[in-house]
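Descriptive analysis of the structure
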Amino acid sequence: MMLKTISSIFDDLDPGDALAEVLFGLIMALTWTVGSRLVMQEEGLDVRGLILSTLGCNVAWGIIDAVLRILGTTFFRSRRLHLFRQIRGARDEASALAVIRNEFPTEGTALAVDSADAEALYRSLLALAIRSEPSRVSVTGSDLRAAVAVFFLVATTAIPAVIPFFLIDSPERALRVSNLLLIGLLFLTGYAWASFSGGRPLYAGVTMTCLGLMMVGIAVALGG
């Protein structure tokens, strides 16, 4: 029953968003472990401090990301409501269609849309807007479940980073295993991303790993 409940939470989060949160959590955790390796060379490694700071950082950012998720969803719906009112308040059909075209341009999309098809789509959206009534912008249960999923993903990605310190006596070796484990998870995240988006999994995994390490390097260099 519990597993079914947890699984239903992730149903409210798009796979791309979920993988992005995992990537963010891994980069946060890896920033701490890589940074600690640099500190260890000069001052020695505080294992307990590293474990607490890594877990604490990801938990804190999990909360922040969950709140931002709700705020972002509310902003998106408010913007759509504003668009709806702009269309309904347009002085004529041409002005209303101009509002829709500006909001949904055909250029820069992944599909080559014929101008006649695009015009038919815009007129369909206009007809839908005219027939519909605005609804109140509010936070739904699905939004809250998605926010919980975001928190869970960011917070739990720190766990693989600290597990080696409980299983390996040598702090230096545990830190090395922790870093390798997180790098491997970066690769798997990219691999999974390509599987969902239809890309090349191996290429995406390598690219995600390189980009993740690059961002970690920037964060560490800037004292993050």
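Further up the page is the structure itself.
Residues numbered from 1 in each chain as written. Predicted model: local features only at pLDDT ≥ 70, side-chain atom pairs only at ≥ 80, totals over all residues. Heavy atoms only, no water.

**Re the overall build of the protein**
What the protein contains, in helices and strands, is 9 helices and 0 strands. Reading the secondary structure of the protein in the N-to-C direction produces α-α-α-α-α-α-α-α-α. Looking at the protein residue by residue over its 224 residues, the buried ones come to 32%. Of the contacts made within the protein by residues no fewer than 6 positions apart, 74% connect residues no fewer than 24 positions apart. Surface accessibility of the protein: about 13700 Å² in total, with carbon and sulfur atoms responsible for 65%. (Helix = DSSP H or I, 4+ residues; strand = E, 2+ residues; numbered from the N terminus. Buried < 20%, exposed > 50% of the residue type's maximum accessible area, 1.4 Å probe, protein only. Contact = heavy atoms within 4.5 Å. Areas by Shrake-Rupley, 256 points an atom, 1.4 Å probe, with all protein chains shown as cover.)

**Some words on the side chain of Thr157**
Examined against the element boundaries, Thr157 turns out to sit in the loop between helix H6 (141-156) and helix H7 (159-167). With relative accessibility at 9%, the residue Thr157 sits in the buried group. In this view, Thr157 contacts Val22, Gly25, Leu26, Ala29, Asn58 and Leu182; residues no more than four positions away in its chain are not counted.

**So, the environment of Leu121**
Its location among the elements puts Leu121 in helix H5 (residues 115-131). For Leu121, a relative accessible area of 47% gives the class partly exposed. Residues Leu121 and Ile100, 21 residues apart in the sequence, show an inter-C-alpha distance of 9.8 Å.

**Quick look at the environment of Phe84**
Here Phe84 lies in helix H3 (residues 47-88). The spatial distance from the C-alpha of Phe84 to the C-alpha of Pro134 is 7.5 Å, given a sequence separation of 50 residues. Not counting residues up to four positions away in its chain, the partners in contact with Phe84 are Ala129, Ser132, Glu133 and Pro134.

**What to know about the side chain of Ser53**
Locating Ser53 in the fold gives a position in helix H3. In terms of polar contacts, Ser53 uses its side chain to reach the backbone carbonyl oxygen of Gly49, at 2.8 Å. From its side chain, Ser53 meets the backbone oxygen of Leu50 in a polar contact 3.0 Å long. (Polar contact = N/O pair within 3.5 Å; in protein donor to acceptor, adjacent residues only side chain to side chain.)

**Quick word on the pattern of salt bridges**
The full count for this structure, using the stated rule, is 8 salt bridges. Note that Arg69 is salt-bridged to Asp17, the shortest N-O span being 3.1 Å. Of this pair, Arg69 sits in helix H3 while Asp17 sits in helix H2 (residues 15-43), and the two are 52 residues apart along the sequence. Judged by relative accessible area, which is 23%, Arg69 ranks as partly exposed. Its relative accessible area of 32% is what places Asp17 among the partly exposed residues. With its nearest N and O atoms 3.5 Å apart, the salt bridge here joins Arg176 to Glu172. Of the two residues, Arg176 and Glu172 are both situated in helix H8 (residues 171-197); the distance of 4 residues between them amounts to about one turn of the helix. Shared partners join several salt bridges into a network, and the residues in it are Glu93, Arg101, Glu119 and Arg123. (Salt bridge = Lys/Arg side-chain N within 4 Å of Asp/Glu carboxyl O.)

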